[in-house]
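# Per-entry structural report
The lines below spell out each chain.
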Amino acid sequence: MNRFPYLDTLKVLEKFGPGCLFYGHGLETDLDDLEMRLKNGHKFLTLFCEVPSNPLLKTPNLQRIRKLANTYGFAVVIDETIGNYLNVHTLEYADILVSSLTKIFSGDGNVMGGW
Amino acid sequence: MSLPTWSSNVGYEEGKDWVVSKMSTGYPRCGWVRFYEYMDCQANMRPRFFIQKSITDLADLMLRNFGSVGESTMLFPSIRSANRCIKFLELQSKKSLENQARAVMLLPAVDERAHPRIVRTLRLAVLFFPSSLVKLAKTFWQHTGEGISSRQAHYCRKLFEEGLLVEKQIETRPGMACKGPKRYQKYESTAERSINHKTDLQSHDSGNTESVKTSDDAKFVEERFGRNLNLDMAELAKKAICRRVIGSLTANIELRQTEDMHNDTSNCREIDGLTDDDVYLYSGGMSSIFNTHQIMLSALGHFQSICFGWVFRFKYQLI
């Protein structure tokens, strides 16, 4: 697992499930590592990513992620909050799309919501 | 909360007193943690996690009415959320909270004829737990987004103070039998007595007219200028949001006009068969992510997930 300078680490991840494999940089080499683990029989539940990511605005290789998900049977969850469904079409690569409506759907900025 | 200048944003991130001392409330996950804490710098930290004042005021009111010494409280929109919090507190504190954590459910007990516009499906789950676990409980709210909204707090408080939101005792552990209809009838009949008494008062006491009028004026302003929608339109509004998300509603029209509008599914995100039933609304973005993860765990089993890329930090802590 890549090291990442968060104070909250695996101990926090375990709070809500069996934990998480974290590829903080989101690089092609990370997908190479993931593919190797998958080929070795490691099973995963879901892959979470953001399109683009907050705050570095990086977009992962969704086509490759979709192909790995189809081959090895995990779900892809994409958060399109920053990209927004009016600008970026990500649904074809995802099993589930999530988003924060809080950012966009009230001009007064006085409502929270998500989907 | 507004940070209007670049320097105020930098000041917030660096924890400058001239910024953070002015912050009395803010976005719930506006927990102020300076960037360089991640670099193990020994800096002074004043983490702030904001719970909106109307929510904390209601929580204090619940504590005064139903709580005991040594307890703290957290408010949820359902017993299921409250039970998830208990499970989380037990897991993180590594101790059982049997007999130490309890949930009180409040719900409207009203005569529909006298109060046709009160939301009868409203529920307020008040969780009481040892005060030593307050920080952990806030963490649960912070990560899952499962607490109530300030609007719900305001609405519940108003009903509670008018005697229209009453307690239904339930057990802490799911699956255990509630103290059934008899107790509920006891409270319902108390509420009914309250309603009848109040109705009598209103018919004879013109002194109430001024406060009722002021409240109606405020409500008119809020609804007229689009800050709060009339509750009757809630279901239509949710449907409209779902249709906007999938792309079947793109016209710039009034909400009422959407009801009879043809649901154009010809260009729904270029995905065949996509309908507004495929969209689920949640109270916030983190709530949608938390619930997605929980649904997947239930549906596909307890396996590790992958977090790919530098994501919003609370998402990483959820999965």
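Sequence positions are assigned chain by chain, starting from 1 and proceeding in written order. Each chain takes a letter, starting from A, and each ligand takes a number, starting from 1, following the order in which they are written. Restriction of local features to residues with pLDDT of at least 70 applies here, the model being predicted, together with a cutoff of 80 or more for giving and counting side-chain atom pairs; totals for whole chains, interfaces and linings are based on all residues. With hydrogens and water set aside, each side-chain value is computed from the structure's full complement of heavy atoms.

### Quick notes on the overall build of chain B
When its secondary structure is counted, chain B shows 11 helices and 5 strands. Exposed residues in this analysis have more than 50% of their type's maximum accessible area, buried residues have under 20%, and partly exposed residues fall in between, with area computed by a 1.4 Å probe over protein chains only. Within chain B, buried positions represent 41% of all 319 residues. Contact criterion: two residues are considered in contact whenever any of their non-hydrogen atoms come within 4.5 Å of each other. Across chain B, every contact between residues at least 6 apart in sequence was considered, and the portion connecting residues at least 24 apart equals 64%. To measure how exposed things are, a 1.4 Å probe is used in the Shrake-Rupley method; for residues, cover is taken only from the protein chains shown. Of the roughly 18300 Å² of accessible surface on chain B, 52% is carried by carbon and sulfur atoms. Secondary structure elements are taken from DSSP: a helix is a run of H or I of four residues or more, a strand is a run of E of two residues or more, and numbering for both begins at the N terminus.

### Examining the pairing of strand E2 (residues 102-108) of chain B
Looking along a regular strand, one sees side chains alternate from face to face of the sheet. All names here are of chain B. Across the 7 residues that make up E2, a large majority, 6, are buried. Note that E2 and strand E3 (residues 124-130) share 5 bridges and pair antiparallel. Of the residues in E3, the one forming a bridge with Met105 is Ala125. Two strands qualify as a pair provided that DSSP identifies no fewer than 2 bridges between them.

### What about the nonpolar core?
If you look at soluble globular proteins, the nonpolar side chains tend to sit buried side by side. Here, nonpolar core refers to any group of buried Ala, Val, Leu, Ile, Met, Phe, Trp, Tyr and Cys residues whose side-chain atoms link them within 4.5 Å. Leu58(B), Met62(B), Leu75(B), Leu106(B) and Leu124(B) are the most contacted members of the largest nonpolar core, which has 44 residues in total. Residue contacts for Met62(B): discarding those within four places in its chain leaves Gly67(B), Leu75(B), Leu106(B), Leu124(B), Val126(B), Phe128(B) and Phe160(B).

### Considering the sheet that holds strand E1 (residues 20-23) of chain A
Here 5 strands make up an open sheet; going across it, the order is E1(A)-E5(B)-E2(A)-E3(A)-E4(A) and the pairing parallel. Edge strands, defined here as strands with exactly one partner in the open sheet, are E1 and strand E4 (96-98) of chain A. For this sheet, the mean inter-axis angle between neighbouring strands, taken without regard to orientation, is 20°. Relative to strand E3 (residues 75-79) of chain A, helix H3 (residues 62-72) of chain A is tilted by about 150°, and along the sheet it contacts strand E2 (44-50) and E3 of chain A together with strand E5 (304-308) of chain B. Under this scheme, a helix contributes an axis fitted over its contacting stretch, all axes are lines through C-alpha atoms, and angles between N-to-C directions fall in the 0 to 180 degree range. Its contacts with the sheet put helix H10 (residues 285-300) of chain B on E2, E3 and E4 of chain A together with E5 of chain B, and the angle it makes with E2(A) is roughly 160°.

### A short note on the pattern of salt bridges
What makes a salt bridge here is a side-chain nitrogen of Lys or Arg within 4 Å of a carboxyl oxygen of Asp or Glu, nothing more. One pass over the structure, following the stated rule, counts 13 salt bridges over all chains. One salt bridge in this structure joins Glu235(B) and Lys238(B), with 3.5 Å as the shortest N-O distance. Of this pair, Glu235(B) and Lys238(B) both sit in helix H9 (residues 234-246), 3 residues apart, which is roughly one turn of that helix. According to the relative accessible area criterion, Glu235(B) is exposed, its value standing at 57%. Classification of Lys238(B) as partly exposed rests on a relative accessible area of 41%. One network of salt bridges, in which partners are shared, links Glu28(A), Asp32(A), Glu35(A), Lys39(A) and Arg64(A).

### What about the packing of helix H4 (residues 79-93) of chain B against helix H5 (residues 134-144) of chain B?
Each pair of packed helices gets described by two things: the angle between the helix axes and the distance between those axes. All names here are of chain B. Put simply, H4 and H5 touch, their axes get as near as 10 Å, and they point 125° apart. By the criterion of interaxial angle, the relationship of H4 to H5 is oblique. For the pair H4 and H5, the crossing hand works out as right-handed. Residues Ser81, Arg84, Cys85, Phe88, Leu89, Gln92 and Ser93 of H4 touch H5, and the partners they reach there are Leu136, Ala137, Thr139 and Phe140. Ten residue types, Ala, Val, Leu, Ile, Met, Phe, Trp, Tyr, Cys and Pro, are classed as nonpolar, four, Asp, Glu, Lys and Arg, as charged, and the remainder, Gly among them, as polar. Classifying every residue of the contact of H4 with H5 by side-chain character gives 6 nonpolar, 4 polar and 1 charged. What sets the label is the angle itself: under 35 degrees gives roughly parallel, over 145 gives roughly antiparallel, 65 to 115 gives roughly perpendicular, and the rest give oblique. For any pair of crossing helices, the crossing counts as left-handed if the nearer helix is rotated counterclockwise from the farther one by less than a right angle, and right-handed if it is rotated clockwise.

### With respect to the packing of helix H3 (residues 53-66) of chain B against helix H6 (residues 150-161) of chain B
Residues and elements named next belong to chain B. Where H3 meets H6, the axes come as close as 8 Å, and the angle between the chain directions of the two elements is 40°. Our pair here, H3 against H6, has a crossing hand that is left-handed. Of the residues in H6, those touching H3 at Ser54, Ile55, Asp57, Leu58, Leu61, Met62, Asn65 and Phe66 are Ser150, Ala153, Cys156, Arg157, Phe160 and Glu161. Within the contact of H3 with H6, the residues separate by chemical class into 8 nonpolar, 3 polar and 3 charged.

### Comments concerning the confidence of the model for chain A
Keep in mind that low pLDDT regions are not for reading the predicted coordinates in detail. Averaged over all residues, the pLDDT of chain A equals 82, while 85% of them reach at least 70. This model gives residues 1-13 of chain A a pLDDT under 50, and the stretch forms 36 contacts once residues within four places in sequence are excluded. Confidence of the prediction at every residue is given by pLDDT, a number between 0 and 100.

### Here's the deal with unusual backbone geometry
In this structure, the amide linkage connecting Val51(A) to the following residue, Pro52(A), adopts the cis form with an omega of -15°. One non-glycine residue with positive phi stands out, namely Lys94(B), at about 60°. Inspection of the secondary structure puts Lys94(B) in the loop between H4 and E2. For Lys94(B), a relative accessible area of 70% puts it in the exposed group. Even without a glycine there, the phi angle at Asn99(B) is positive, about 70°. Positionally, Asn99(B) belongs in the loop between H4 and E2.

### Structural notes on the packing of aromatic side chains
The way to describe two aromatic rings as a pair is by their centre distance and the angle between their planes. Residues and elements named next belong to chain B. Here is the rule: rings of Phe, Tyr and Trp (six-membered ring for Trp) pair when centre to centre is within 6.5 Å. Planes less than 30 degrees apart are stacked, more than 60 are edge-to-face, and the remainder are tilted. Summed over the entire model, instances satisfying the criterion amount to 5 aromatic pairs over all chains. Look at Phe76 and Phe140: their rings are 5.9 Å apart centre to centre, the planes differ by 75°, and that puts the pair in the edge-to-face class. Within this pair, whereas Phe76 is found in strand E1 (residues 71-76), its partner Phe140 is found in helix H5, the two being separated by 64 residues in sequence. Comparing Phe76 with Phe140, the two get one shared label, buried. Taken together, the aromatic side chains of Phe76, Phe88, Phe140 and Phe290 make up a single cluster linked through ring pairs. Criterion for a charge above a ring: Lys NZ or Arg CZ within 6 Å of the ring centre, and within 35 degrees of the ring normal. Positioned above the aromatic ring of Phe128 is the side chain of Arg102, whose terminal nitrogen or guanidinium carbon lies 4.3 Å from the ring centre.

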